[in-house]
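Single-letter residue listing:
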Amino acid sequence: MIRGWPGSGPSVCRSAILVAALLVACAPEDEPPVALEVLPDGVDMAIIDMDHFLTRTGVRRARLRADTAEFRADGEIHLRPVQLIFYDEQGNELSVVNGDRGVFNEMTEDMVATGSVVALDQRDDQRLVTTHIRYEAEEDRLYGDEPFTLYRDGGDTVLEGSSFETDPGLTSIVMFDSSGRTSQTTRPSPPPPPGEDSSAAADTGSVAPPDSAALALPDSGSVEPPPDTTSVGTAPPDTTSARPDSTSARG
């Protein structure tokens with residue numbers, strides 16, 4: 001027999017059991033399980049914060065990212081929003097395509113971005129804005145079948161067209177039905193280097209006026225005087241020669 005505290009007995013044990021039961025009854029219950037969001041029809045699996053690399057012959061050529069990815073039975077992954085980052089053979093970033101929505105094909109690795117779509121090329125300061133860009137993995141090219149606007153040189157040059165196709169780096173863009181405009185921006189001349197006389201810079205006021213002596217002016221002495229008006233006039237007719245002889249008129 002195990003001895004208990006003084007005065008322990010069946011009544012004390014029953015009291016202890018009752019207190020334990022009360023403590024268990026007063027303990028907080030486990031939180032009810034949170035109901036998971038029901039997947040839409042045709043969706044087999046959903047992933048949050050998807051991050052996937054596309055490789056070719058062991059070389060990373062693109063990175064696919066999305067906040068939400070829904071895997072469907074037909075091999076398509078529906079992405080919201082979508083970002084596709086392209087790399088060159090050395091692993092340097094070429095360009096970034098951002099879209100509101102996207103569809104990625106697991107078999108072909110083709111991708112379509114729709115909605116508000118922007119392709120950025122920070123190396124050459126280019127920004128292409130459209131509503132639809134299609135990436136063909138086998139050809140490694142981007143195609144746009146909707147009207148687009150291409151901003152270059154910080155927005156100074158704007159090109160527009162009905163469709164386009166280009167490499168992922170946006171270095172060779174073929175535009176269809178395109179037109180463009182360029183805004184001339186006047187930039188101040190940079191200051192001269194330290195130690196260089198600022199007067200050496202081109203001064204618009206340093207242009208010497210033309211030498212008046214060098215101007216070919218006509219010599220006043222060489223100018224012939226105007227013709228004598230008296231020599232031009234017609235002498236009056238001789239009245240004596242025109243008058244008939246009175247002696248010859250008589251018989």
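Numbering of residues starts from 1 in each chain and follows the order in which that chain's sequence is written. Residues qualify for local features only when their pLDDT is at least 70, as the model is predicted, and side-chain atom pairs are given and counted only at 80 or more; totals for whole chains, interfaces and linings, by contrast, use all residues. As a rule here, side-chain values cover all heavy atoms of the structure and leave hydrogens and water aside.

### Section: the overall build of the chain
In terms of regular secondary structure, the chain is built from 3 helices and 13 strands. Put simply, 34% of the contacts in the chain that link residues at least 6 apart link residues at least 24 apart. Taken as a whole, the chain presents about 18,700 Å² of accessible surface, with 56% of it coming from carbon and sulfur. The secondary structure listing takes helices from DSSP runs of H or I that are at least 4 residues long and strands from runs of E that are at least 2 residues long, numbered from the N terminus. In this analysis, two residues are considered to be in contact whenever any of their non-hydrogen atoms come within 4.5 Å of each other. Residue exposure ignores everything except the shown protein chains as possible cover, and the areas themselves are Shrake-Rupley values with a 1.4 Å probe.

### Here we look at the layout of surface pockets
Using a 1 Å grid laid over the protein atoms alone, points where a 1.4 Å probe fits but cannot get out form a cavity; open sets with protein on both sides within 12 Å along at least 5 of 7 lines form a pocket; any residue with an atom within 4 Å of a point counts as lining. Grid points are joined across faces, edges and corners, and a volume is the space filled by probe spheres set on the points. Here the largest pocket defines a volume of roughly 210 Å³. Lining the largest pocket are R56, T57, V59, R60, R61, Y87, D88, E89, L94, D140 and P168. Tallying contributions element by element places strand β2 (residues 59-72) first for the lining of the largest pocket, with 3 residues. Along the lines of polarity and charge, the residues of the lining of the largest pocket split into 4 nonpolar, 1 polar and 6 charged. Residues are grouped as follows: Ala, Val, Leu, Ile, Met, Phe, Trp, Tyr, Cys and Pro are nonpolar; Asp, Glu, Lys and Arg are charged; every other residue, Gly included, is polar.

### Considerations on the nonpolar core
In terms of nonpolar packing, the biggest core is built from 30 residues, with L64, L79, L84, F86, V97 and I133 touching the most fellow members. Counting residues per element, the ones that place at least two in this core are β1 (43-56), β2, β3 (76-87), β4 (93-99), β6 (111-121), β7 (126-136) and β9 (148-152). Leaving out residues up to four positions away in the same chain, F86 has contacts with R61, A62, N92, E93, L94, S95, V97, Y135, L142 and P168. To form a nonpolar core, buried Ala, Val, Leu, Ile, Met, Phe, Trp, Tyr and Cys residues must be joined to one another through side-chain atoms within 4.5 Å. Exposed residues in this analysis have more than 50% of their type's maximum accessible area, buried residues have under 20%, and partly exposed residues fall in between, with area computed by a 1.4 Å probe over protein chains only.

### Some points on the side chain of S95
Of note, S95 is situated in strand β4. Contacts described as polar in this section are N or O atom pairs within 3.5 Å, which, within protein, must combine one atom able to donate a hydrogen with one able to accept it, while residues neighboring in sequence count only if both atoms come from side chains. Here P168 takes part through its backbone oxygen, which lies 2.4 Å from a polar atom of the side chain of S95. Not counting residues within four places of it along the chain, the set of residues in contact with S95 comprises L84, I85, F86, L120, P168 and G169.

### Observations regarding the side chain of D167
Here D167 shows up in the loop between β11 (163-166) and β12 (173-176). It turns out D167 is buried and unbridged, and the closest side chain with the opposite charge, R141, is 5.3 Å from it. Excluding residues within four positions of it along the chain, D167 makes contact with D140, R141, L142 and S172. For the purpose of charge, His is not counted, nor are the chain termini; Lys and Arg are scored as positive and Asp and Glu as negative. The term salt bridge refers to a pairing of a side-chain nitrogen on Lys or Arg with a carboxyl oxygen on Asp or Glu at a separation within 4 Å.

### Some points on the pairing of β7
For two strands to count as paired, DSSP must find a minimum of two bridges between them. Alignment of β6 against β7, held across 9 bridges, turns out to be antiparallel. Along β7, the bridge assignment pairs D121 with Q126. Hairpin connection, β6 to β7: the antiparallel pair is bridged by 4 residues, and D125 has positive phi, about 55°. When β7 meets β9, the two strands line up antiparallel, connected through 4 bridges. Looking across to β9, one finds that Q126 is bridged to R152.

### Focus on the pattern of salt bridges
Tallied over the full model, the rule gives 9 salt bridges. Between R63 and D51 there is a salt bridge, with the nearest N and O atoms lying 2.5 Å from each other. Of this pair, R63 sits in strand β2 while D51 is found in strand β1, placing the two residues 12 residues apart along the sequence. Here D51 falls in the partly exposed class, since its relative accessible area comes to 38%. With its nearest N and O atoms 3.4 Å apart, the salt bridge here joins E165 to R141. With a gap of 24 residues between them, E165 in strand β11 and R141 in strand β8 (residues 141-144) connect regions that are remote in the sequence. Counted as one network, the salt bridges with shared partners bring together E70, R72 and R80.

### Here's the deal with the environment of V158
Its location among the elements puts V158 in strand β10 (residues 157-161). Expressed as a C-alpha distance, the spacing of V158 and S183, which sit 25 residues apart in the sequence, is 8.7 Å. Setting aside residues up to four positions removed in sequence, V158 forms contacts with T149, L150, Y151, S179, G180 and R181.

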